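An overview of the molecular structure
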Amino acid sequence: MSIDLTGRTAVVTGASRGIGYFIARDLAAAGAHVVAVARTVGGLEELDDEIKAEKARTGKGEATLVPLDLADMEGIDRLGGAIHERWGKLDILVANAGVLGVIAPLGHVEAKVFEKVMAINVTSTWRLIRSVDPLLRQSDAGRAIVLSSGAAHSARAFWGPYAASKAAVEAMVRSWADETRNYPLRVNAVDPGATRTAMRALAVPGEDPNTLPHPSEIAARIVGLASPDLTRTGEIYQAKHDRWVSYRMPE
């Protein structure tokens, strides 16, 4: 989807690799100033090099690199403050960062592993929402894109911590979307589907990665959700199938 994001500011977490890397790259190529957040400095620098090369060709896109571990909750608070001081608003949030934990029976999961999954996937996402919600409300077309997973609904054996964390994330997305329905802010979850990423390789080590879509392909679809023309809110975009689905109560 071709969109013009010139003059818009975007935050992308987990921007140093995988889907987050390519979302950040594509947002910049569409003209946005991307605040790229990740722990891995090397990956952020590679992203910055690619964005600068694209700008040299087209004149579009810039990046501000923010090396930040999302376990640093106060750092997330400072991020919102820094964005406010520099831009006064935020147009796009892509909450992409997350961890898998382990694939194991619930009774075998170590407490520290479970707590880390919840801290990074749930608590830091809430903290990020809290930090940037006022800034997104200042935009004429704020867009929040929160990465989830089909695991939130399939709840397959051995995926308990990750599935629970993503179900919690989706519940927050639904509440946030309902709270902001009368604002120009649109808030949606994304199920990227199985993708050729390092996390997927950890989760399903015997799988042939060449049978999965490349993260750049999935990212290109997700970027469309940043469009000021988007009207949907409180829904799930299934990127692999390029379709929207709605929530419903248990039957």
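Rules of the game
Residues numbered from 1 in each chain as written. Predicted model: local features only at pLDDT ≥ 70, side-chain atom pairs only at ≥ 80, totals over all residues. Heavy atoms only, no water. Core = buried A, V, L, I, M, F, W, Y, C linked by side-chain atoms within 4.5 Å. Buried < 20%, exposed > 50% of the residue type's maximum accessible area, 1.4 Å probe, protein only. Helix = DSSP H or I, 4+ residues; strand = E, 2+ residues; numbered from the N terminus. Axes fitted to C-alpha atoms, helices over the stretch in contact; angles between N-to-C directions. Parallel < 35°, antiparallel > 145°, perpendicular 65-115°, else oblique. Left-handed = near helix turned anticlockwise from the far one by under 90°. Contact = heavy atoms within 4.5 Å. Phe/Tyr/Trp six-rings, centres within 6.5 Å; stacked < 30°, edge-to-face > 60°. Lys NZ or Arg CZ within 6 Å of the ring centre and 35° of its normal. Nonpolar A, V, L, I, M, F, W, Y, C, P; charged D, E, K, R; others polar.

1. Focus on the nonpolar core
Ile-23, Leu-27 and Ile-222 are the most contacted members of the largest nonpolar core, which totals 33 residues. Looking at this core, the elements that each hand over two or more residues are β1 (9-13), α1 (18-29), β2 (33-38), α2 (41-58), β4 (92-95), β5 (143-147) and α8 (215-222). Looking at this core element by element, the count peaks at 7 residues for α1.

2. Some points on the packing of helix α3 (residues 73-86) against helix α4 (residues 111-137)
One way to put it is that α3 packs onto α4 with a least axis distance of 9 Å and a crossing angle of 25 degrees. Our classification of the angle between α3 and α4 gives roughly parallel. Considering the relative orientation of α3 and α4, their crossing is right-handed. Residues Met-73, Glu-74, Ile-76, Asp-77, Leu-79, Gly-80, Ile-83 and His-84 of α3 form the contact with α4, whose own contacting residues are Ala-119, Thr-123, Ser-124, Arg-127, Leu-128, Arg-130, Ser-131 and Leu-135.

3. Focus: the packing of aromatic side chains
For any pair of aromatic rings, the description consists of the separation of the ring centres together with the inter-plane angle of the planes. Summed over all chains, the structure comprises 3 aromatic pairs. An angle of 70 degrees between the planes, with centres 5.1 Å apart, marks the rings of Tyr-21 and Phe-22 as edge-to-face. Accessibility assignment for this pair places Tyr-21 and Phe-22 in one class, buried. Positioned above the aromatic ring of Tyr-183 is the side chain of Arg-137, whose terminal nitrogen or guanidinium carbon lies 4.5 Å from the ring centre.

4. Quick notes on the packing of α4 against helix α6 (residues 160-179)
Interaxial distance between α4 and α6 falls to 9 Å at its minimum, and their mutual angle equals 15 degrees. Classified by the angle their axes make, α4 and α6 are roughly parallel. Relative to α6, α4 is oriented so that their crossing is right-handed. For the pair α4 and α6, contact is made by Phe-114, Val-117, Met-118, Asn-121, Val-122, Thr-125, Trp-126, Ile-129, Asp-133 and Leu-136 and by Pro-161, Tyr-162, Ala-164, Ser-165, Lys-166, Ala-168, Val-169, Met-172 and Trp-176, respectively. For the contact of α4 with α6, a count of residues per class yields 14 nonpolar, 3 polar and 2 charged.

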